[in-house]
Structure formats: structure tokens, C-alpha cells
Amino acid sequence: DVKVTQSSRYLVKRTGEKVFLECVQDMDHENMFWYRQDPGLGLRLIYFSYDVKMKEKGDIPEGYSVSREKKERFSLILESASTNQTSMYLCASTPRGGTEAFFGQGTRLTVV
Amino acid sequence: DQQVKQNSPSLSVQEGRISILNCDYTNSMFDYFLWYKKYPAEGPTFLISISSIKDKNEDGRFTVFLNKSAKHLSLHIVPSQPGDSAVYFCAASLLDNDMRFGAGTRLTVKP
């Protein structure tokens, strides 16, 4: 059974904190993605990675960075959290040559 | 600039009738299109897809139509059931490692 696991379902952080969101997949997928979901805006792509140590900016990379040191793990980093980063964050993965994405359950981050 | 657009934030239909969800895209290089379904507090799950070389794909009650000249796709659900009530996201993929989503349409199927 395929699985994408995000480290936390709910997270509350203070403005200015450094925040790490972790995502692990057990399907040996090459591609991994980070999205944020906001009402009326849908899923917006923050960053994606098509291989270890490779990363590409999505539509809204500002204020975020990512790390992919191992194939199965893709981390999203908020260097200095701000209230406008309060959102639902979703991680996904796909195999190379495949297009159906498998999503984690999401992390609802609140920055106060 | 959103490359995939779902202009209807919500849709309400009666049980047993047809639900039609629409999606437009701007990038003619997209080569694969997908629909995902999302329940509250869960990640989206894959529903149905279509390659850019086809114009129709059917899977049970779900059919996706692609009109490349209009850069438009639609999802038809027939017959609609109350369990279909969810948010539906349209997605487009480019060269298999870049995927963009629309804003979503909340479908409500009334018994």
C-alpha cells in the first residue's frame, strides 16, 4: 500500500521561528512536491524535486526553501515564519514517467 | 499567474443527475491532465486522468473530456451520488515532473 507521510497533522509556531515540515514516501518515487492549499486559491506549487539534491521553484517559493538529501524524504523549510504562511501544506510524490500523484494527509500550520 | 483555472468555486446537483465540472488551462505544453477528489482533513486522491493525445477517457460513472483547441477539460459524473460530495481539483502535468492545480470546485450532491 503506497504511502506518503507528513510528520505532523497540526502545528502552531510563532512569528520568526524556523519551521521544518517533513515528508517521507515509501514508493521509491523520483518526483516530490510541496503545495499549500488556501481557500479560493486551491493548491499552489511551492517547490518540487525530480531527484536527490535537485529542486525547482514552483509558483510561490518566496519565504520557503527545501531539502532533498535522500530519495524518500523532502523537507519544506520556513526560514522565518510569518502569519501569511498560515495554511494547509500538502506533500505529494510521483514516479518518473507517471503522473498520478500520491498525497500525504496534510499539515495544518498556524503561525501566531 | 495561475496556469490551471477552475472558475466555478461551487456546484450543487440533485442525486441521480449529471455533475459537470470545468477546467481551463493556459499552457499548451501540458501533456497530461488529471482530476483529484478531496475530502476535508485528507490529502487529495486521484480520480481519473487523460493524456493530451486523447479527447475522452471513461471510468465507470466518471468521464473526462479534453478539448485541446479550447484548452478546456471537463469531468462528468453520471449519476451523481451523495458520496461524491467533495472538492474536485483539476491538475495539469508537464513532462511528468511539474504539476499545477486549479483552485478547486466544491461539489454538493443533494439526496
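Below: a short report on this structure. (Residues numbered from 1 in each chain as written. Chains lettered and ligands numbered in written order. Predicted model: local features only at pLDDT ≥ 70, side-chain atom pairs only at ≥ 80, totals over all residues. Heavy atoms only, no water.)

1. Points about the interface of chain B and chain A
Moving on, step 1. Contact residues are listed per partner, giving 21 residues for chain B and 26 residues for chain A.
Moving on, step 2. Taken over both partners, the interface formed by chain B and chain A buries close to 1800 Å², and the fraction arising from carbon and sulfur atoms is 57%.
Moving on, step 3. The tally of links from chain B across to chain A stands at one salt bridge.
Moving on, step 4. At the surface where chain B touches chain A, the tally comes to five residue pairs in polar contact (both at pLDDT 80 or more).
Moving on, step 5. Taken together, the elements giving at least two residues each to the side of chain B that touches chain A come down to β4 (32-38), β9 (86-94) and β10 (98-101) of chain B. (Contact = heavy atoms within 4.5 Å. Buried area = accessible area lost by both parts, 1.4 Å probe. Salt bridge = Lys/Arg side-chain N within 4 Å of Asp/Glu carboxyl O. Polar contact = N/O pair within 3.5 Å; in protein donor to acceptor, adjacent residues only side chain to side chain. Helix = DSSP H or I, 4+ residues; strand = E, 2+ residues; numbered from the N terminus.)

2. Describing the environment of V19 of chain A
Residues and elements named next belong to chain A.
Moving on, step 1. Note on placement: V19 falls in strand β3 (residues 19-25).
Moving on, step 2. On the basis of relative accessible area, V19 is assigned to the buried category, the value being 0%.
Moving on, step 3. On a C-alpha basis, the gap between V19 and V52 in space is 21 Å, while along the polypeptide they are 33 residues apart.
Moving on, step 4. Setting aside anything within four residues of it in sequence, one finds V19 in contact with L11, K13, L76, I77, L78, A81 and L109. (Buried < 20%, exposed > 50% of the residue type's maximum accessible area, 1.4 Å probe, protein only.)

3. Thoughts on the packing of aromatic side chains
Moving on, step 1. As enumerated under the stated definition, the model contains 13 aromatic pairs over all chains in all.
Moving on, step 2. Ring centres of Y36 of chain B and F101 of chain B lie 5.4 Å apart, and the angle between their planes is 50°; this geometry places the pair in the tilted category. Taken together, the positions of Y36 of chain B in strand β4 and F101 of chain B in strand β10 put the pair 65 residues apart, joining distant regions of the chain. Grouping residues by exposure puts Y36 of chain B and F101 of chain B together as buried.
Moving on, step 3. Ring plane angle 80° and centroid distance 6.5 Å describe the contact between F89 of chain B and F101 of chain B, whose orientation is recorded as edge-to-face. With F89 of chain B in strand β9 and F101 of chain B in strand β10, this pair connects stretches of sequence that are twelve residues apart.
Moving on, step 4. Taking the relative accessible area as the measure of exposure, F89 of chain B reaches 1% and is therefore buried.
Moving on, step 5. Taken together through their ring pairs, the aromatic side chains of F33, Y35, F48 and F103 of chain A together with Y36, F46, F89 and F101 of chain B make up a single cluster. (Phe/Tyr/Trp six-rings, centres within 6.5 Å; stacked < 30°, edge-to-face > 60°.)

4. Things to note about the environment of I60 of chain A
Residue and element names in this part refer to chain A.
Moving on, step 1. Assignment of secondary structure puts I60 in the loop between β6 (56-57) and β7 (64-70).
Moving on, step 2. Sequence separation of I60 and L45 is 15 residues, and the distance between their C-alpha atoms is 6.5 Å.
Moving on, step 3. Not counting chain neighbours up to four residues away, the residues in contact with I60 comprise R36, R44, L45 and I46.

5. Comments concerning unusual backbone geometry
Moving on, step 1. Here V78 of chain B and P79 of chain B are connected by a cis peptide whose omega angle stands at -10°.
Moving on, step 2. Tracing the backbone shows P79 of chain B in the loop between β8 (72-77) and β9.
Moving on, step 3. Despite not being glycine, D28 of chain A has its phi angle at roughly 60°, a positive value.
Moving on, step 4. Tracing the sequence through the fold places D28 of chain A in the loop between β3 and β4 (31-38).
Moving on, step 5. With relative accessibility at 53%, the residue D28 of chain A sits in the exposed group.
Moving on, step 6. Of note, the phi angle at K71 of chain B is positive, near 50°, even though the residue is not glycine.

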